[in-house]
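A look at the structure
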Amino acid sequence: MKPIKALLPFISWLSIDVVLGAMAGMLFFSQLLHVQLGWEIYALLGLCVWVIYTADHLLDSRKKAQIDLSPRHQFHARNQKTLLFSLALATLLGLLGAIWVLGWTRELLWSLVLAGAIGGSMTLIRLGGNAGNGLKELSTAVFYVLGIAWIPLLRAEALDRDWRLGAFLLVFTLLAFLNLLMLSWMDRKKDEIAGFPSAAQLIQPTQLLDWIRRLALLLIIASLALFIALPSFFRMYSCILLIMVILHFLIFFNKNLNENQIRTRMEAVFLLPWILLIF
């Protein structure tokens with residue numbers, strides 16, 4: 001058990017949990033849209049997510065001295081050269097892999113446009129300073145869900161891309177936003193010291209907690225509504241979303257857990273869609 005516990009922080013610091021969660025999210029939308037994807041698509045998504053998150057953490061780790069940074073950012077500051085090399089290698093592999101897997105098709109073209117939009121959004125938020133408070137969480141949630149659903153959306157039949165899909169995309173996006181608001185609340189003091197833009201810098205901590213509770217309640221109601229109103233095929237997916245929201249709420253407001261435990265368990269919640277492999 002001790003070796004496993006020792007590895008857990010590195011899994012989180014290296015964003016491996018986020019990568020696996022994103023791949024689980026792609027499985028969620030691929031099955032929802034009746035799209036079969038090969039392992040190489042999941043590998044490409046994993047590389048893309050890892051590159052984005054690692055680049056973001058590396059940029060953050062350079063802003064302040066290590067004493068001001070979280071353990072994650074301290075890790076990136078200490079291992080900057082190794083991670084920069086790994087980042088360049090992963091980017092190159094991702095580009096070559098995308099050309100090999102997708103070919104010179106509209107999927108590749110639009111995927112590059114999406115990658116450019118994500119990069120542009122990150123740059124503008126960083127340059128905006130305090131004006132970016134709250135926008136980082138919202139844009140990250142939108143691009144995260146759009147990224148995991150991107151290829152399934154492009155490959156789905158037109159009949160499957162209806163209002164019900166829009167409802168699931170909206171709920172999943174708000175769930176990702178809820179997760180980021182919770183993380184912003186926990187990191188509010190460190191972010192303020194380091195000068196990182198976040199939603200917690202936009203409103204008071206008590207108000208942010210109220211918004212977190214309200215959003216969680218709204219998502220519980222929305223997931224239940226989808227479970228009740230939609231045909232039986234969709235109930236598995238609405239049930240997964242409902243459980244993910246409830247787990248977020250129970251984990252975040254559990255006073256017996258420290259911040260690292262809360263963070264690790266909330267990221268683990270996004271692994272839940274892997275259960276679809278059983279059905």
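Residues numbered from 1 in each chain as written. Predicted model: local features only at pLDDT ≥ 70, side-chain atom pairs only at ≥ 80, totals over all residues. Heavy atoms only, no water.

1. Here's the deal with the overall build of the chain
- Within the chain, the secondary structure is distributed over twelve helices and zero strands.
- Helices (α) and strands (β) of the chain occur, in sequence order from the N terminus, as α-α-α-α-α-α-α-α-α-α-α-α.
- Across the 279 residues of the chain, 47% fall into the buried class.
- In the chain, 75% of the contacts between residues at least 6 apart in sequence involve partners at least 24 apart.
- Accessible surface for the chain amounts to roughly 14,800 Å². Of this, 69% is attributable to carbon and sulfur atoms. (Helix = DSSP H or I, 4+ residues; strand = E, 2+ residues; numbered from the N terminus. Buried < 20%, exposed > 50% of the residue type's maximum accessible area, 1.4 Å probe, protein only. Contact = heavy atoms within 4.5 Å. Areas by Shrake-Rupley, 256 points an atom, 1.4 Å probe, with all protein chains shown as cover.)

2. Topic: a nonpolar patch on the surface
- Together, L7, L8, F10, I11, I16, L20 and L271 make up a nonpolar patch on the protein surface, roughly 540 Å² of accessible area in all.
- At the level of elements, α1 (2–13) and α2 (16–32) are the ones that each hand at least two residues to the nonpolar patch.
- The leading source of residues in the nonpolar patch is α1, at four residues. (Patch = residues over 30% accessible without salt bridge, like charges linked within 9 Å, V, L, I, M, F, W, Y side chains within 5 Å. Salt bridge = Lys/Arg side-chain N within 4 Å of Asp/Glu carboxyl O.)

3. Looking at unusual backbone geometry
- The backbone of S15 sits at a positive phi, close to 65°, despite the residue not being glycine.
- Looking at the secondary structure, you find S15 in the loop between α1 and α2.
- The exposure class of S15 is buried, given its relative accessible area of 1%.
- Although it is not a glycine, H34 sits at a positive phi angle of roughly 60°.

4. Re the packing of helix α3 (residues 39–61) against helix α4 (residues 71–78)
- For the pair α3 and α4, interaxial distance at closest approach is 8 Å and the crossing angle is 85°. Taken together, the axes of α3 and α4 lie roughly perpendicular to each other. When α3 is examined against α4, the residues T54, H57, L58, D60 and S61 are found in contact with a partner set consisting of R72, H73, H76 and A77.
- Here the contact of α3 with α4 is composed, by residue class, of two nonpolar, five polar and two charged. (Axes fitted to C-alpha atoms, helices over the stretch in contact; angles between N-to-C directions. Parallel < 35°, antiparallel > 145°, perpendicular 65-115°, else oblique. Nonpolar A, V, L, I, M, F, W, Y, C, P; charged D, E, K, R; others polar.)

5. Some words on the confidence of the model for the chain
- Scored by pLDDT, the chain has a mean of 86; 88% of the residues are at 70 or more.
- Within the chain, no element has a lower average pLDDT than helix α9 (residues 188–194), which sits at 65, and none a higher one than helix α11 (residues 235–252), at 97. (pLDDT = per-residue confidence, 0-100.)

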